[in-house]
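What the coordinates show
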Amino acid sequence: QKSRLLEGVKSNSMDLDDFLVHMNSIVKLGGIRKMMQRLPSGMAPALMNQVDPMAEVLGDPKALAAYRGIVSHMNTDEKQDPSKVKKARKEEICTLSGQKIEDYNAMVKMFEATKMGFKAWH
């Protein structure tokens, strides 16, 4: 799964399935803050102050479950570019997954930020 994520990043084809793999890895490690606590002592405090509150959701098992529910009701094209999904289809996906439109929009925002972060990193 991790190699698929790296291939997606390298080929600029990262989709929501890759994003969920990334989120799951962070959850397994205990979340962003816990990961940062493992850094050398001089680096951790400075970086922890810079953690975007949105990034903390990356390590939240509840958010991961909600996002999994949303993604499970999307087709392949929607997973590739969730920002282009029309309002009516978003509402349908959210109804089927038991989530709110705000959750969908937050997921897309985080996905795009993660995608940009990976792009800059590689």
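Residues numbered from 1 in each chain as written. Predicted model: local features only at pLDDT ≥ 70, side-chain atom pairs only at ≥ 80, totals over all residues. Heavy atoms only, no water.

With that settled, the discussion passes to the nonpolar core. Membership of the largest hydrophobic core comes to 22 residues, with the highest contact counts inside it found for Leu16, Phe19, Tyr67, Ile70, Met74, Tyr104 and Met107. Secondary-structure elements contributing two or more residues to this core are α2 (16-28), α6 (61-72), α8 (87-97) and α9 (101-121). If we skip the residues at most four places from it in the chain, Leu16 touches Val71, Met74, Glu78, Lys79, Pro82, Met107 and Phe111. (Core = buried A, V, L, I, M, F, W, Y, C linked by side-chain atoms within 4.5 Å. Buried < 20%, exposed > 50% of the residue type's maximum accessible area, 1.4 Å probe, protein only. Helix = DSSP H or I, 4+ residues; strand = E, 2+ residues; numbered from the N terminus. Contact = heavy atoms within 4.5 Å.)

Look at α6: 16 Å from first C-alpha to last across twelve residues, which is about the 16 Å you get at 1.5 Å a residue. Among the residues making up α6, those that are buried are Ala63, Leu64, Ala66, Tyr67, Gly69, Ile70 and Val71. (Expected span 1.5 Å × (residues − 1).)

The N-to-C vectors of α2 and α6 enclose an angle of 160 degrees; their axes lie 10 Å apart at closest approach. In terms of their interaxial angle, α2 and α6 are classed as roughly antiparallel. Classified by chirality, the crossing of α6 by α2 is left-handed. Residue-level inspection shows Leu16, Asp17, Phe19, Leu20, Met23, Asn24 and Val27 of α2 in contact with α6, the latter providing Pro61, Ala63, Leu64, Tyr67, Arg68 and Val71. Taken together, the residues that form the contact of α2 with α6 break down as ten nonpolar, one polar and two charged. (Axes fitted to C-alpha atoms, helices over the stretch in contact; angles between N-to-C directions. Parallel < 35°, antiparallel > 145°, perpendicular 65-115°, else oblique. Left-handed = near helix turned anticlockwise from the far one by under 90°. Nonpolar A, V, L, I, M, F, W, Y, C, P; charged D, E, K, R; others polar.)

Next up on the list: the packing of aromatic side chains. Counted by the stated rule, this structure contains two aromatic pairs. The interplanar angle of 75 degrees and the centroid separation of 5.8 Å between the aromatic rings of Phe19 and Phe111 together place this pair among those described as edge-to-face. Separated by 92 residues along the polypeptide, Phe19 in helix α2 and Phe111 in helix α9 bring together distant segments of the chain. The pair formed by Phe19 and Phe111 is uniform in burial state, with each residue classed as buried. Through successive ring pairs, a cluster of aromatic residues spans Phe19, Tyr67 and Phe111. (Phe/Tyr/Trp six-rings, centres within 6.5 Å; stacked < 30°, edge-to-face > 60°.)

On to the side chain of Thr114. Within the fold, Thr114 resides in helix α9. Residue class for Thr114 comes out buried when judged on its relative accessible area of 10%. A distance of 2.8 Å separates a polar side-chain atom of Thr114 from the backbone oxygen of Met110. (Polar contact = N/O pair within 3.5 Å; in protein donor to acceptor, adjacent residues only side chain to side chain.)

This paragraph deals with the confidence of the model for the protein. Per-residue confidence for the protein averages 79 on the pLDDT scale, and 66% of its residues sit at or above 70. In the model of the protein, helix α4 (residues 44-50) stands out as the element of lowest mean pLDDT, 54, in contrast to α8, which has the highest, 97. (pLDDT = per-residue confidence, 0-100.)

With that settled, the discussion passes to the pattern of salt bridges. Applying the stated rule across the entire model yields four salt bridges. Lys79 is the partner of Asp17 in a salt bridge, and the nearest nitrogen-oxygen pair spans 3.5 Å. In this pair, Asp17 sits in helix α2 while Lys79 sits in helix α7 (residues 76-80), placing the two residues 62 residues apart along the sequence. What makes Lys79 buried here is its relative accessible area of 16%. (Salt bridge = Lys/Arg side-chain N within 4 Å of Asp/Glu carboxyl O.)

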